[in-house]
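# Summary of structural features
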Amino acid sequence: MDYTGDPAAEPIYLDAASAAPLHPVAREALLASLTDGWADPSRLYAAGRRAQQLHEAATGVVAEILGVRADELTFWPSGTSAAQAAVLGGLAGRQRAGRTLVHSAIEHSAVLHAARTTEAAEVGVDRLGRLDLDAWGRAVSAPGVALASLISASHEVGTVQPVDAAAELCAEAGVPLFVDAAQTVGRSPVPQGWSLLSASAHKWGGPPGVGVLVVRKGVRWISPLPQDDLYRPRPAGAPDLPAIVAAAAALRAVVSQAQAEAVRLGALVDRIRDRVAATVPDVEIVGDPVRRLPHLVTFSCLYVDGEALLHALDRHGFAVSSGSSCTSSTLRPSHVLEAMGVLSHGNVRVSLHRDTTPEHVERFLAVLPGLVADIRKEAGL
Amino acid sequence: MITLDCLGQRCPLPVIKLAKAIPGVPVGAVVRVLADDPAAANDIPAWCRMKGHEFVAGHGHQFDVRRVG
């Protein structure tokens, strides 16, 4: 195996779907609001009022971008906590209708864990990772359904889900829909017809530790946590206001560039899809080739240990992630790859961001085939 | 029937063993893979699809593959 990474080469970060690098605008806003926005926004003195102003301004910016009212939106300590609050609070608000959560088989693991607290009906996907809409329609119209949950696009394979059509089926059945939009907010237009939505600033270039929860007017949501004496859904305790301000600034910046970035990164992803298929034998490019996230591509290399490939790429300065079982804490393959029935070992997810250049992609494409070949040779193939 | 005992082996080793064994299997014959890695149930059928062999059946830790062509 090749252990001769070039330590002098610039590290190349290709895991934006886990955490996008902090946007420069977010860094500036973070530093400014550390000075200006540290006070408790619920206090009545001048510093508190200033913090409250910043909080309201940040809420207003994000609400406008998502096309919702400011009083429908709250910030949570992470995208994960926002998604869990959406599911648990949405279920609690619909206790009288039933206790079944309908969800796709490719939801974020936080949603799947929340699903285990109640009755769950899982709806499958096809080989490309697309929701089975017929099965979805049957599932949401069954008796006793409290809530439905659909990820806007798979964070593992990039396939964009038919949220608008799924939302129509939910509306016909009178079932509220929660959309986990972590991978699409800041990159593509917000879908229509949902009742609850969550997002994560970490994925759009904001700092870690800022999640967004939207509960539309008229949707019953009951806090899964002991509540403050406040009328709106919100997490317990003081918000991380500087991080929230930075998150809102980053979102405004990335949304203004989103269309151009989707075109630029989409072309780079096309290049990766084509070249990996052409230069790495026995490889499966995973996910929908057309209806997909612009910045993310996943592939699986036959006979390759995913962990070995990740480490080999890391030694060459490339940061990527994997859905292979050997790279997960549970030692199980990714539930998304399993649901699609695609190869789970030797899996690599590459996700690009605003700092990714064609040269970075070329360097990755130049190094990858040799690393895969080395690992296969070691396995005696 | 050829049986490949891959119990206790982590993926991708069961699939590698299967790939190495398949040239020695007569066309149309079935090879049985015993594997308890949780990825085997997913990856052995995926290998069959990619390589054009037939995944006959999987029960528990036992997977039957028919060599095609």
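Every value quoted in this text rests on a predicted model; they were computed, and no experiment measured them.

## Let's talk about helix α2 (residues 40–51) of chain B
Structural remark: α-helix, 3.6 residues per turn; residues separated by three or four positions point the same way. Across its twelve residues, α2 of chain B extends 16 Å between first and last C-alpha, which sits within 8% of the 16 Å expected from 1.5 Å per residue. Regarding α2 of chain B, the residues found buried are Ala-40, Asn-42, Asp-43, Ile-44, Ala-46, Trp-47 and Cys-48 of chain B. Those residues of α2 of chain B that are buried are in contact with α9 (335–340) of chain A together with α1 (13–21), β2 (30–34), β3 (54–59) and β4 (62–66) of chain B. Gly-52 of chain B sits one or two positions beyond α2 of chain B and adopts a positive phi of about 80°.

## Quick word on the side chain of Glu-284 of chain A
Inspection of the secondary structure puts Glu-284 of chain A in strand β9 (residues 283–286). The exposure class assigned to Glu-284 of chain A is buried, which follows from its relative accessible area of 11%. Side-chain polar atoms of Glu-284 of chain A contact the backbone nitrogen of Leu-343 of chain A, separated by 3.2 Å. Once residues lying within four places of it in the same chain are set aside, the contact partners of Glu-284 of chain A are Thr-298, Phe-299, Ser-300, Val-342 and Leu-343 of chain A together with Arg-49 and Met-50 of chain B.

## Details of the pairing of strand β8 (residues 211–215) of chain A
Residues and elements named next belong to chain A. Most of β8 is tucked away, with five of its five residues classed as buried. With burial as the criterion, each face of β8 is covered, one bearing Gly-211, Leu-213 and Val-215 and the other bearing Val-212 and Val-214. As paired strands, strand β2 (residues 73–76) and β8 are joined by four bridges and run antiparallel to one another. Within the sheet, the bridge partner assigned to Phe-75 lies in β8 and is Val-212. Where strand β7 (residues 196–200) and β8 come together, five bridges link them in antiparallel fashion. Residue pairing for β8: Leu-196 is matched across the bridge by Val-215.

## A closer look at the packing of helix α2 (residues 46–66) of chain A against helix α7 (residues 241–279) of chain A
Relative orientation and spacing of two packed helices are given, respectively, by the angle between their axes and the distance between those axes. Residues and elements named next belong to chain A. Interaxial distance between α2 and α7 falls to 9 Å at its minimum, and their mutual angle equals 30°. Of the possible angle classes, the one that applies to α2 and α7 is roughly parallel. By crossing handedness, the relation of α2 to α7 is classed as left-handed. Across from Ala-51, Leu-54, His-55, Ala-58, Val-61, Val-62 and Ile-65 in α2, the residues of α7 making contact are Leu-241, Ile-244, Val-245, Ala-248, Leu-251, Arg-252 and Val-255.

## Observations regarding the domain arrangement of chain A
The extent of an interface is frequently quoted as the accessible surface area lost upon association of the parts. Residue and element names in this part refer to chain A. Along its sequence, chain A is organised into domain 1 (12–22 + 257–378) and domain 2 (24–253). The straight-line distance from the C-alpha centre of domain 1 to that of domain 2 is 27 Å. Contact residues are listed per partner, giving 32 residues for domain 1 and 35 residues for domain 2. Buried surface at the junction of domain 1 and domain 2, summed over both partners, amounts to about 2600 Å²; 56% is from carbon and sulfur atoms. Ranking the residues of domain 1 by area buried against domain 2 places Leu-22, Leu-293 and His-335 at the top, with a combined share of 26%. Where domain 1 touches domain 2, the interface holds one salt bridge. Linking Asp-288 and Arg-130 is a salt bridge whose minimum nitrogen-to-oxygen distance equals 3.9 Å. Counting across the interface, domain 1 meets domain 2 through 14 residue pairs in polar contact (both at pLDDT 80 or more). Contributions of two or more residues to the side of domain 1 that touches domain 2 are made by α7, β10 (296–301) and α9. Among the elements that line the side of domain 1 that touches domain 2, the one with the most residues is α9, at five residues. Per-class residue counts for the side of domain 1 that touches domain 2 are 18 nonpolar, nine polar and five charged.

## A few points about the environment of Pro-77 of chain A
Tracing the backbone through its elements, the reader meets Pro-77 of chain A in the loop between β2 and α3 (79–93). Each C-alpha atom, one on Pro-77 of chain A and one on Asp-240 of chain A, is 7.8 Å from the other, the two residues being 163 residues apart in sequence.

## Considering the pattern of salt bridges
Applying the stated criterion to the full structure yields 19 salt bridges over all chains. In this structure, Asp-71 of chain A engages Lys-217 of chain A in a salt bridge whose closest nitrogen and oxygen atoms are separated by 3.5 Å. Here the residue Asp-71 of chain A occupies a position in the loop between α2 and β2, and Lys-217 of chain A occupies one in the loop between β8 and α7, the gap between them amounting to 146 residues. Put simply, Arg-32 of chain B and Asp-64 of chain B hold a salt bridge, and the shortest N to O gap is 2.8 Å. One end of the pair, Arg-32 of chain B, is in strand β2; the other, Asp-64 of chain B, is in strand β4, with 32 residues separating them in the sequence. Counted as one network, the salt bridges with shared partners bring together Arg-69, Asp-71 and Lys-217 of chain A.

## What about the sheet that holds strand β6 (residues 177–180) of chain A?
Residue and element names in this part refer to chain A. Pairing in this open sheet of seven strands is mixed, and the strands run β2-β8-β7-β6-β5-β3-β4 from one edge to the other. Every other strand in the sheet has two partners, leaving β2 and β4 (119–123) as the edge strands with one partner each. Neighbour-to-neighbour, the strand axes of this sheet turn through a mean angle of 20°, independent of strand direction.

## Section: the sheet that holds strand β12 (residues 347–351) of chain A
Residues and elements named next belong to chain A. Here three strands make up an open sheet; going across it, the order is β9-β10-β12 and the pairing antiparallel. Either end of the sheet is taken by a strand with one partner, and the two such strands are β9 and β12. Between one strand axis and the next, the sheet turns by 20° as a mean value, whatever way the strands run. Pairing of β9 with β10, which is carried by four bridges, proceeds in the antiparallel orientation. In the sheet register, Val-283 faces β10, and the bridge partner there is Cys-301.

Basis of the calculations
- Residues numbered from 1 in each chain as written.
- Chains lettered and ligands numbered in written order.
- Predicted model: local features only at pLDDT ≥ 70, side-chain atom pairs only at ≥ 80, totals over all residues.
- Heavy atoms only, no water.
- Helix = DSSP H or I, 4+ residues; strand = E, 2+ residues; numbered from the N terminus.
- Expected span 1.5 Å × (residues − 1).
- Buried < 20%, exposed > 50% of the residue type's maximum accessible area, 1.4 Å probe, protein only.
- Contact = heavy atoms within 4.5 Å.
- Polar contact = N/O pair within 3.5 Å; in protein donor to acceptor, adjacent residues only side chain to side chain.
- Pairing = 2+ DSSP bridges.
- Axes fitted to C-alpha atoms, helices over the stretch in contact; angles between N-to-C directions.
- Parallel < 35°, antiparallel > 145°, perpendicular 65-115°, else oblique.
- Left-handed = near helix turned anticlockwise from the far one by under 90°.
- Domains from an automatic or database assignment.
- Buried area = accessible area lost by both parts, 1.4 Å probe.
- Salt bridge = Lys/Arg side-chain N within 4 Å of Asp/Glu carboxyl O.
- Nonpolar A, V, L, I, M, F, W, Y, C, P; charged D, E, K, R; others polar.

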